[in-house]
Amino acid sequence: MTPLEILKHFYGFESFRGNQEKIITQILQKNDCIALMPTGAGKSVCYQVPAMTLPGLTLVISPLIALMKDQVDALNQIGIAAAFLNSAQSISEQRFVAEEVQNGKIKLLYVAPERLFSGSRPLIPFLEKLDLSLVAVDEAHCVSQWGHDFRPEYLKLGQLRKKFPQAVFLALTATADDRTRKDIAEKLGLNNPKWFISSFDRPNITYRVTLRTDANGKLLDFVRRHPEDSGIVYCLSRKGVENTAEMLQLNGISALPYHAGLDRNIREQNQEKFIKDEVKIMVATIAFGMGIDKSNVRFVVHMNMPQNIESYYQETGRAGRDGLPSDALLFYSFGDSITLSRMIENADDMNHVKSMKAKMNVMVRYCQSQVCRRKFILEYFGEKYGEDCGNCDVCFQRGHQSDMTTYAQMMLSAVARMDQRFGLGQVILVLRGSQSKKVTTQQRSLSVYGIGKGQTDQFWRKLGHQLILEGYLEPEDQLRPILKLTPEAWEKLKNRQKIMLNMKEGIEPDNRKEGQSTLLLEKLKSLRLALARKHQVPPYIIFSDATLVEMSTKCPTDKNSILGINGVGQMKQEKYGEDFLKVIRNHLIEHDITPGQNEEISPARHIKVSQSGSEMETLAQFSAGNDAAAIAESRGLALSTIETHLIHLVRSGKIEPRALLAEQEMEEIQACQRGLKVEKLKAIKEHFGEKYSYFKIRIALMAQ
């Protein structure tokens, strides 16, 4: 089979993307290659397709055990023989895999770099006895100490080129600046490698940065606009992970924590639930996600500023791997750089510290920049980007400035009268006339003391942030965020000129995704979830969201037409095709839709379902007499998701609280709330223990 035939037969795609075909061609011509491709651009296809053409074994070196398992599961699902060897397997499991490899039954073998050279049974002697045709080094930036994720064990990989002179080598990475790129070629000892640098643009991702003021409230608003979507929320510390996960849970959001301090079994269980769509949001430290090949992550949130653009790009790239619209939200505080600097300084290598601090300063500029976010990122990676993208918060805010002269003059005057020796927090205390002990007697005597008490702390913080972004205020340096007026600010004050600023947060997901989901798409997702549970694989391994969206648009009704859907290969068609065709046919009959053969249904013929369409199905089942547990089971959704639907339906007046809760239960919960004199649900929950769930408590309080 030709590479294109392999792509169609196994993967279900009609054509290659980007540089995939060029890279595969060079590999088949026995040329070493280095490929820089963004996350989700299809790096794995570049070695998986030639592995099916080349005669011997393809060795894939990956630092992540979870990613190995995911990729091997996905390959086996489409009929490609693959396996992995790692420390998580028993001796008997490893022996079985080794025998399968020796007998030529495995085409792709995944291993970690440590497994090659170290341990009681290093793999190199075993591999030397095999016909090794191709070596693919994933996450190749880990070989460079100038990269953002240097790993010493990767340095030994340079020995492989000498030990296997007949094999072709392919190095792959999603992020690497110029210095790191040169280091990859040198450290891996590649033979005159062919370079392939794809565009770093992820046009389906909307980038947003906002101040961390009221971060929990903003986060809640944000995730509630993604009620059915999977997402990752990154926190800098374990405590941050625990607190954020608990906050989301208390507010009825399906979320679980993930960090190194958790028991390993709990950590793995939480990850498994996220991968299988049993929980919607994973709150994690940055260690999470590198080994996750989950294609339907719709948003990534950073509660703290990442250390560098490379990490930020890689982590946000875990959203929208299927190419569908996705969101990246970053909460930023002026203190982030101080915290990160202290973490960086713990490293022993001073050259590395210097390099990491320089990268961190670029990240700070990104957060404070008024340049199009996408343009900033792409130009950092050496890629020229023409006009502004129109799909980031900076672009959304263009033309939405308002006259903030009076308030800006207040703040600039306060900074000046405080001798430009304090940070934003202290300036706001003075402006609002705070009685805090932090405010000195001298500061209380200033003419600006208390002149801003009519506005909230959040307003002044937003104003200060905008004055910094627009170049009227600047921190003294990153480690001492003391504010100083710029020459432009002095000029504005002197001449009493207008100061126009954008005070809108602009973190809401834009409306382009609303109405994207159809009733048919919801049905296809429910079927996918049921099949995934039956076959014990993550739902996205059955079919990606992008494939289901195309199915719901084109509505294939027979074997030939479903094979024309991207992502439906021969093996998957045989395994799952008829199940999905049955749902589609029934939907067409139910709604009297008669598309022509291979003809896309006009969007006007679709039954559009708003973001609450899934809630309306819950309402229909509830009205038919089903309780929350029965609805969750029949729809293949988590109970927490159905309970969230019911809460929204009560709030909108479509369901009476008393339809969900007995009068006695309601009165008891309400009496407890009055007696405790608290607003937070946690205190009431602790009072009742297991007697009442958070769901029942919330419903009772909504009825007051």
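Above this text you will find the structure in question.
Residues numbered from 1 in each chain as written. Predicted model: local features only at pLDDT ≥ 70, side-chain atom pairs only at ≥ 80, totals over all residues. Heavy atoms only, no water.

Another aspect to go through is the overall build of the chain. From N to C terminus, the chain includes 33 helices and 17 strands. Taken against the 2.2 N^0.38 rule, which gives 27 Å for 704 residues, the C-alpha radius of gyration of the chain at 28 Å falls within 12% of a compact globule. Considered along the principal axes of its C-alpha atoms, the chain spans approximately 85 × 65 × 50 Å. Here the analysis covers contacts within the chain between residues at least 6 apart in sequence; of these, 71% occur between residues at least 24 apart. For the chain, the accessible area works out to roughly 30700 Å², and carbon and sulfur atoms hold 49% of it. (Helix = DSSP H or I, 4+ residues; strand = E, 2+ residues; numbered from the N terminus. Rg over C-alpha atoms; globule rule 2.2 N^0.38 Å. Contact = heavy atoms within 4.5 Å. Areas by Shrake-Rupley, 256 points an atom, 1.4 Å probe, with all protein chains shown as cover.)

Next up on the list: the packing of aromatic side chains. One pass over the structure, following the stated rule, counts 14 aromatic pairs. Look at Y313 and F381: their rings are 5.3 Å apart centre to centre, the planes differ by 65°, and that puts the pair in the edge-to-face class. On the criterion of sequence distance, the pair formed by Y313 in helix α13 (residues 309–316) and F381 in the loop between α16 (373–380) and α17 (393–396) is long-range, its members being 68 residues apart. Take Y313 and F381: they sit in the same class, and that class is buried. Aromatic pair Y407 and F459: ring centres 5.0 Å apart, planes at 75°, arrangement edge-to-face. Of the two residues, Y407 sits in helix α18 (residues 405–417) while F459 sits in helix α21 (residues 457–469), which places them 52 residues apart along the sequence. (Phe/Tyr/Trp six-rings, centres within 6.5 Å; stacked < 30°, edge-to-face > 60°. Buried < 20%, exposed > 50% of the residue type's maximum accessible area, 1.4 Å probe, protein only.)

This part covers the pattern of salt bridges. Applying the stated criterion to the full structure yields 23 salt bridges. A salt bridge links K375 to D388, with the nearest nitrogen and oxygen atoms 3.1 Å apart. Taken together, the residues K375 in helix α16 and D388 in the loop between α16 and α17 connect sequence positions 13 residues apart. Where K696 meets E665, a salt bridge forms, and the shortest distance between an N and an O atom there is 3.1 Å. A residue pair is termed long-range when its members are at least 10 positions apart, and K696 in helix α33 (residues 694–702) and E665 in helix α31 (residues 663–676) qualify at 31 residues. For K696, a relative accessible area of 26% corresponds to the partly exposed category. Through salt bridges that share partners, R298, D322, R528 and D545 make up one connected network. (Salt bridge = Lys/Arg side-chain N within 4 Å of Asp/Glu carboxyl O.)

A complete count under the given rule lists five cavities of 30 Å³ or more for this structure. Its volume calculated, the second largest cavity comes out at about 150 Å³. H226, P227, I253, S254 and T644 are the residues nearest the centre of the second largest cavity, which is lined by 16 residues in total. Going through the elements one at a time, α10 (215–224) and α30 (639–651) are the ones with two or more residues in the lining of the second largest cavity. By residue number, the principal contributor to the lining of the second largest cavity is α30, which donates five residues. Of the residues that constitute the lining of the second largest cavity, the class distribution is four nonpolar, eight polar and four charged. (1 Å grid on protein atoms, 1.4 Å probe; cavity = no way out; pocket = protein on both sides within 12 Å on 5 of 7 lines; lining within 4 Å. Points joined across faces, edges and corners; volume = space filled by probe spheres on them. Nonpolar A, V, L, I, M, F, W, Y, C, P; charged D, E, K, R; others polar.)

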